[in-house]
Amino acid sequence: MSFRTDGFHPLLLNMRMISRGGFSVISMRSFVFFSLGIGGVVAHGIPHSSSSSSFWVSSNNKQHPISLDDPIVDDDIDIVTGSQFHGLKTFASLPYVNCFSDEAAASKKYDIAVLGAPFDTAVTGRPGARYGPTGIRIGSQRLGGFDYYTDEDALHGWATIVDCGDATLTWLDNTVAFKHLDKAHRVISGRPTANDTVATVPRILTLGGDHSTTLSALRSTFRRWGQVSVIHFDSHLDTWSPDVLGGVSDYAALNHGTFLHIAHEEGLIRNTSVHAGTRGPIITHSDRGNDKRCGFAVITARDIDKHGIDWIISTIKARVGDSKVYISVDIDVLDPAFAPGTGTAEPGGWSTRELLTIINGLRGLSVVGADVVEVSPVYDNTGETTVLVAAQVGLSLVSLMVAKPVSD
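Residues numbered from 1 in each chain as written. Predicted model: local features only at pLDDT ≥ 70, side-chain atom pairs only at ≥ 80, totals over all residues. Heavy atoms only, no water.

### Here's the deal with the packing of aromatic side chains
Selection rule: Classification of ring pairs rests on two measures: the distance between centres of Phe, Tyr or Trp rings, Trp counted by its six-membered ring, which must be within 6.5 Å, and the angle between planes, read as stacked under 30 degrees, edge-to-face over 60 and tilted in between. Burial classes follow relative accessibility: with a 1.4 Å probe on protein chains only, a residue under 20% of its type's maximum area counts as buried, one over 50% as exposed, and anything between as partly exposed. Both a distance and an angle decide whether a charge sits over a ring: NZ of Lys or CZ of Arg must be within 6 Å of the ring centre and within 35 degrees of the ring normal.
Under the definition given, this model contains 2 aromatic pairs. Plain terms: the ring middles of Tyr148 and Tyr149 are 5.8 Å apart, the flat faces sit at 80° to each other, and that makes the pair edge-to-face. Both residues of the pair, Tyr148 and Tyr149, belong to the exposed class. A cation over an aromatic ring shows up here: Arg126 above the ring of Tyr379, its NZ or CZ 4.0 Å from the ring centre. Between Arg130 and the ring centre of Trp171, over which it is positioned, the NZ or CZ distance is 4.1 Å.

Here you go:
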């Protein structure tokens, strides 16, 4: 096949040329034409494969050479800007450390660690939260800089913050998976800190994973800090007795709706805990009584309409007092309009702005651990609103830890 030297071939005469900003742009028809391999010439921007020098053609049909030998100073080439969107994905582009390896952890100490818990085989609704840690990390890539409301850069303050990657959790045996996650928390929280004059015990932000993974985190915080007050943002109680939810076997007893009941039975949490954003259905009339027995007060989703955000913040602070606090955020505390990517969505929840305002209002509490759970990217929308808000919630939780160092 021959090609005309003036840059056109009879087969190309039907190309539509669009003039933009002084340059000719080939329409999609011509691009597809060349991507099928029927190319070999420079026709308005397509390199000539048989020529020793490439060129592009401007709208005035003048050829301009392109050469790799242009006199560009190497120091002027910026390969850093934008690099957070490429390569391995860590939470907020934090440094990755294999916190499970003694050697790796010794070479990079940390004060706050991010841990993924890719597990979802203890759900009663839709699965998919095993992909939550990856989704949240993808949603976090643009995080960084100074917070508009606090004027603080939590990621680059006194605390050394790292991403430890994911715990290795099997999806075939929940009992084995929980043993692995228990040990992962125990090892990560047992490392020496980077700034031991400020705090001597590392704190962990867990990316879930279904909500049953919080039990391993509570076991770890109890080991390091003693009993904690739990601030539980969720549309559901999650204090159901295994006899009510999952009573078909001992194996099924631990699930994402019973873990707080089990945490109470194990003596991990104080009776100064609180639910916030609750609105999901209860199973039996005795559920409320059992919830109170487990040490929880309740702030419903509609309390924000009756009393406002400031009341919610002050009520939470009054409830937990000066105790050490663990904050757990089930993304379904938000209305499905803001976070559709979750397993057991409940209409009538809070907005993204309301949740972030409440969390930021908890500054000053002694937060020794936190998590963002029940993120199922497969149910998210094309705008990825769920993973974006989950990442922002994670950053807000880290910010609370940075704002208030806690001694053991």
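Picking up after the structure, the text goes on.
### Digging into the pattern of salt bridges
This is how it is decided: By definition, a salt bridge exists where a carboxyl oxygen of Asp or Glu is found within 4 Å of a side-chain nitrogen of Lys or Arg. Secondary structure elements are taken from DSSP: a helix is a run of H or I of four residues or more, a strand is a run of E of two residues or more, and numbering for both begins at the N terminus.
A full pass over the atoms with the stated rule returns 8 salt bridges. Here Glu266 and Arg219 are joined by a salt bridge, their closest N and O atoms 2.7 Å apart. In this pair, Glu266 is assigned in the loop between α7 (259–265) and β9 (273–278) and Arg219 in helix α5 (residues 214–225), connecting sequence segments 47 residues apart. A salt bridge links Glu265 to Arg293, with the shortest nitrogen-to-oxygen separation between them at 3.2 Å. Here Arg293 lies in helix α8 (residues 287–293) and Glu265 lies in helix α7, a separation of 28 residues in the sequence. Shared partners join several salt bridges into a network, and the residues in it are Arg137, Asp163 and Asp166.

### Here we look at the packing of helix α11 (residues 352–360) against helix α12 (residues 385–403)
Each pair of packed helices can be summarised by the angle the axes make with each other and by the distance between the axes. Put simply, the rule reads: Only the contacting stretch of a helix is used when fitting its axis, a line to C-alpha atoms as for every element, and angles between N-to-C directions run 0 to 180 degrees. Any angle between 65 and 115 degrees counts as roughly perpendicular, while under 35 counts as roughly parallel, over 145 as roughly antiparallel, and the rest as oblique. Contacts are assigned to residue pairs that have any heavy atoms within 4.5 Å of one another. Under the grouping applied here, Gly and all other residues not named as nonpolar or charged are polar, the nonpolar ones being Ala, Val, Leu, Ile, Met, Phe, Trp, Tyr, Cys and Pro and the charged ones Asp, Glu, Lys and Arg.
Taken N-terminus to C-terminus, the directions of α11 and α12 make an angle of 10°; their axes are 10 Å apart at the nearest point. Considering their axes alone, α11 and α12 lie roughly parallel with respect to each other. For the pair formed by α11 and α12, the contact residues are Thr352, Leu355, Leu356, Ile359 and Asn360 on the first element and Val389, Gln392, Val393, Ser396, Leu397 and Leu400 on the second. Among the residues making up the contact of α11 with α12, the classes are represented as 7 nonpolar, 4 polar and no charged.

### Here's the deal with the sheet that holds strand β8 (residues 229–233)
By definition, the strands of a sheet pair up through backbone hydrogen bonds, in either a parallel or an antiparallel sense. To keep it simple, the criterion reads: Two strands make a pair as long as DSSP finds a minimum of two bridges between them.
Spatially, the 8 strands line up as an open sheet ordered β6-β5-β7-β12-β11-β8-β9-β10, and their pairing is parallel. A single partner strand is all that each edge strand has here, and the edge strands are β6 (161–166) and β10 (296–300). Each adjacent strand pair in this sheet contributes to an overall mean axis angle of 15°, direction not counted. The pairing of strand β7 (residues 203–208) with strand β12 (residues 366–373) spans 4 bridges and is parallel. Among the inter-strand pairings, Ile204 is bridged to a residue of β12, identified as Gly369. Sheet contacts for helix α3 (residues 132–139): β5 (112–117), β6, β7 and β12; angle to β7, the most-contacted strand, approximately 105°. Helix α4 (residues 174–189) rests against β5, β6 and β7 of the sheet, and its axis sits at about 170° to β5.

### Section: the confidence of the model for the protein
Under the convention used in this document: Residue-level confidence of the predictor, termed pLDDT, takes values from 0 up to 100.
Of the residues in the protein, 80% have a pLDDT of 70 or more, and the chain-wide mean is 86. Within the model, the stretch residues 1–52 combines pLDDT values under 50 with 60 contacts to residues more than four positions away or in other chains.

### Side note on the side chain of His261
If you trace the backbone, His261 turns up in helix α7. With sequence-adjacent residues up to four places away left out, His261 is seen in contact with Asp238, Thr239, Trp240, Ser241, Pro242, Asn290, Arg293 and Cys294.

### Let's talk about the nonpolar core
For clarity, the cut-off: Among buried residues, the Ala, Val, Leu, Ile, Met, Phe, Trp, Tyr and Cys ones that are joined through side-chain atoms within 4.5 Å form a nonpolar core.
One finds Phe91, Ile231, Phe233, Ile316, Ile327, Trp350 and Leu397 to be the most contacted residues of the largest nonpolar core, which totals 53 residues. It is α12 that contributes the most residues to this core, 11 residues altogether. Setting aside its immediate chain neighbours within four residues, Ile327 contacts Ile231, Phe233, Leu362, Val367, Gly369, Ala370, Asp371, Leu397 and Leu400. If you look at the next biggest cluster of nonpolar residues, it comprises 37 residues, including Leu181, Trp225, Leu254 and Phe296.

### Some remarks on the packing of α3 against α12
For the pair α3 and α12, the least separation of the axes is 7 Å and the interaxial angle reads 80°. Comparing the axis directions of α3 and α12 gives the class roughly perpendicular. Every residue of α12 that contacts α3 at Gly135, Ile136 and Gly139 is listed here: Val387, Leu388, Ala390 and Ala391. Of the residues assigned to the contact of α3 with α12, the class counts are 5 nonpolar, 2 polar and no charged.

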